[in-house]
Amino acid sequence: MRFQSILLWAGVAALLVLAQSQFGWPGVAFAVAGLVMWLLLHFTRLMGVMKRAANRPVGHVDSAVMLNAKLQSDRTLLHVIAQTRALGERLSAEGAQPEIYRWSDESGSSVSCEFEGGKLARWQLVRPAQD
């Protein structure tokens, strides 16, 4: 995660330097406008995901089995929230690593997801015992 952050800021700096060297200050202004547009697109997506998640109970999903089948490693928490359309029930302490969230369905099945460094590392489906 730290390497990606450094790489992102290095890319932004390289874009601004390249824009300044090729086109002068108008190039820098154009590059900054593009970066702001990119940030606004991500912010709009984040707000859309959170708006959909706000309308559902925390930790609820329609089918935990289907969620288990659709999960993939290295997804961010935002991607998982977008899939479930609900915020997960936090099981880990605030700021602890790994972050653990759980989503449950009406049948009592649940999926617990562990996020390490902001990425989905492991998940486990728990189904209730059959009578």
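Residues numbered from 1 in each chain as written. Predicted model: local features only at pLDDT ≥ 70, side-chain atom pairs only at ≥ 80, totals over all residues. Heavy atoms only, no water.

A. Expanded view of a nonpolar patch on the surface. Among the surface-exposed residues, Val32, Val36, Met37, Leu40 and Leu41 lie close enough to one another that they form a single nonpolar patch of about 450 Å² accessible area. Relative to the helices and strands, leucine 40 is located in helix H2 (residues 25-54). (Patch = residues over 30% accessible without salt bridge, like charges linked within 9 Å, V, L, I, M, F, W, Y side chains within 5 Å. Areas by Shrake-Rupley, 256 points an atom, 1.4 Å probe, with all protein chains shown as cover. Salt bridge = Lys/Arg side-chain N within 4 Å of Asp/Glu carboxyl O. Helix = DSSP H or I, 4+ residues; strand = E, 2+ residues; numbered from the N terminus.)

B. The pairing of strand S3 (residues 110-116), seen in detail. With 5 of its 7 residues buried, S3 lies for the most part within the structure. Strand direction decides the pairing type here: strand S2 (residues 99-104) and S3, joined by 6 bridges, are antiparallel. Bridge pairing in S3 places tyrosine 101 opposite cysteine 113. Between S2 and S3, which pair antiparallel in sequence order, lie 5 residues; one of them, glycine 108, sits at a positive phi of approximately 95°. Once S3 ends, the chain turns through 2 residues before running back antiparallel as strand S4 (residues 119-126), passing glycine 117 with a positive phi of about 65°. (Buried < 20%, exposed > 50% of the residue type's maximum accessible area, 1.4 Å probe, protein only. Pairing = 2+ DSSP bridges.)

C. Broad picture of the UniProt feature "transmembrane region" (unreviewed entry) in the chain. The positions that UniProt labels "transmembrane region" (unreviewed entry) are, in the present scheme, residues 29-47. Helix makes up 100% of residues 29-47 and strand makes up 0%, while its end C-alpha atoms are separated by 27 Å. (UniProt positions renumbered as here; feature names shortened; annotations may be inferred.)

D. Fine view of H2. Helix length check: H2 (30 residues) gives 43 Å between terminal C-alpha atoms against 44 Å at 1.5 Å per residue, within 8%. Of all the residues in H2, the buried ones are Gly27, Val28, Ala31, Val49 and Ala53. Next to the buried residues of H2 lie helix H1 (2-23) and helix H4 (77-84). (Expected span 1.5 Å × (residues − 1). Contact = heavy atoms within 4.5 Å.)

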